[in-house]
Amino acid sequence: MHDWIAIKTVLLVNIYIRLYNLGLYNMELKSKKITLDDKYTLEEGRVYITGTQALVRLPIIQRQKDKSQNLNTAAFISGYRGSPLGMYDKSLWTAKKFLKNNDINFESGLNEDLAATAVWGSQQSGLISKSTKDGVFGIWYGKGPGVDRSGDAFKHANSAGTSPHGGVLALLGDDHTAKSSTLAHQSEYAMVDAQIPILNPSNVQELLDYGLIGIELSRYAGVWVSMKCVTATMDSSASVNIDLDRIKKIQQKTKELYGFEPIVIEDCAHGIGSKYKGKRLGNHGNLCMFSFQAIKHITAV
């Protein structure tokens, strides 16, 4: 037993040294104070966060992205609790001061379909009178059975479209194994029926990444976009990267360590004419790919 502990210790030390030599682990002790608020306040690096907390952090990151592109936006969140999103509203209330600092408004819905109708209204900012914001992005949330009862609201809201600097992300609480539900359920069929695209993240990091992609897709295509939030993902926790420009930082770090910068191939097949940080797609990597296949949307030349 003691020999096995010794072997494990040697292996861990070797891994530690290798990571240090690669520049992937900093052996110097940091003096920066770490607090529980870091998950909502840090603007770069890594934070330890649960699946539910990642969905609270998501609109904060989206606001940071918008600010970096000189967009004055706000956010509106509404829905109705139910596992695996049963603690989402509590987490939003707990983070109230962080949401307020980022112009993010949360109103718990009386039920799922009224909440969906309210989020639909967030996309009508500026239609009747001049708005003080460039756009308002909305987030709806609900358990699978709530998705089923909200079909009419989803169809009409999706048909009405989204604003160019708004967008809507619908969070679908799916309990595939009926861990805390009377019936196992999944929401893909309801989304297909409403003609709403579906994203399916597999871990906490992807809750953030796919959520940001979903809002961008909603703005670009003018439709609602949904994201599955399954029990296994929402009940887990992880250390996630919150840097907005992770690829650039990887390039820079690799150049510092090894003297060369990795080539970034930019896939623009579905985004001809779109912009990121004020620059047209196709100008952010070393190589880019466009497609003129029949199903690809061409927005500008």
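Everything discussed here concerns the structure shown above.
Because the structure is predicted, anything quoted here is derived from the model rather than measured. Every chain begins its residue count from 1, and numbering advances along the sequence as written. Local features in a predicted model are, by the rule used here, given only for residues with pLDDT of at least 70; side-chain atom pairs are given and counted only at 80 or more, and totals for whole chains, interfaces and linings are based on all residues. The side-chain values count all of the structure's non-hydrogen atoms but skip hydrogen atoms and water molecules.

Enquirer: A description of helix α12 (residues 246-258) should follow, citing residues and the corresponding values.
Expert: Every α-helical turn comprises 3.6 residues, leaving residues that sit three or four positions apart pointing alike. Taking 1.5 Å of rise per residue, 13 residues should cover 18 Å, and α12 covers 18 Å from first to last C-alpha, within 8% of that figure. Once α12 ends, the next one or two residues include G259, with phi positive near 85°. Every helix listed is a DSSP run of H or I at least four residues long, and every strand listed is a run of E at least two residues long, numbered separately from the N terminus. Any helix carries an expected span of 1.5 Å times its number of residues minus one.

Enquirer: Report on the environment of Q205, specifying residues and quantitative values.
Expert: Within the element layout of this structure, Q205 appears in helix α10 (residues 204-221). You can call Q205 buried: its relative accessible area is 16%. Separated by 155 residues in sequence, Q205 and T50 place their C-alpha atoms 9.9 Å apart. Two residues form a contact once any of their heavy atoms are found within 4.5 Å. For Q205, the contacting residues outside a window of four places in its chain are V240, N241 and R246. The term polar contact refers here to a pair of N or O atoms within 3.5 Å; inside protein, the definition further demands a hydrogen-donor-capable atom paired with an acceptor-capable atom, and it admits residues adjacent in sequence only when both atoms are side-chain atoms. Side-chain polar atoms of Q205 contact the backbone nitrogen of N241, separated by 2.7 Å. Buried means the residue's accessible area, taken with a 1.4 Å probe over protein chains only, is under 20% of the maximum for its type, while exposed means over 50%, and partly exposed covers the values in between.

Enquirer: Describe unusual backbone geometry, listing the residues and the values that go with them.
Expert: Cis geometry is found at the peptide bond from S83 to P84, where omega equals 5°. Looking at where P84 falls in the secondary structure, it is placed in the loop between β2 (73-79) and α4 (88-94). Residue N70 is not a glycine yet carries a positive backbone phi of 60°. Its place among the elements puts N70 in the loop between α3 (51-68) and β2.

Enquirer: Just give me the short version of the pattern of salt bridges, but keep the residues and values in it.
Expert: Between Lys or Arg on one side and Asp or Glu on the other, a salt bridge is scored when a side-chain nitrogen of the former is within 4 Å of a carboxyl oxygen of the latter. Scanning the model with the defined rule gives 12 salt bridges in all. D235 is paired through a salt bridge with K179; the nearest N and O atoms lie 2.7 Å apart. One end of the pair, D235, is in the loop between α11 (231-234) and β8 (237-241); the other, K179, is in the loop between β5 (168-174) and α9 (188-194), and 56 residues separate them in sequence. Each of K65, D66, E216 and R219 takes part in one network of salt bridges that share partners.

Enquirer: Could you give an account of the nonpolar core, naming the residues involved and the relevant values?
Expert: Core analysis: the biggest nonpolar cluster contains 36 residues, and L55, I77, L85, Y88 and L171 have the highest contact counts within it. No other element matches α3, which puts six residues into this core. Setting aside its immediate chain neighbours within four residues, I77 contacts P59, Y88, L92, I104, N105, F106, E107, I139 and Y141. Working definition of a nonpolar core: buried Ala, Val, Leu, Ile, Met, Phe, Trp, Tyr and Cys residues. They are joined through side-chain atoms within 4.5 Å. With 18 residues, the next largest nonpolar core counts A116, V147, A153 and W224 among its residues.

As far as function goes, none of this settles anything; it's purely spatial.
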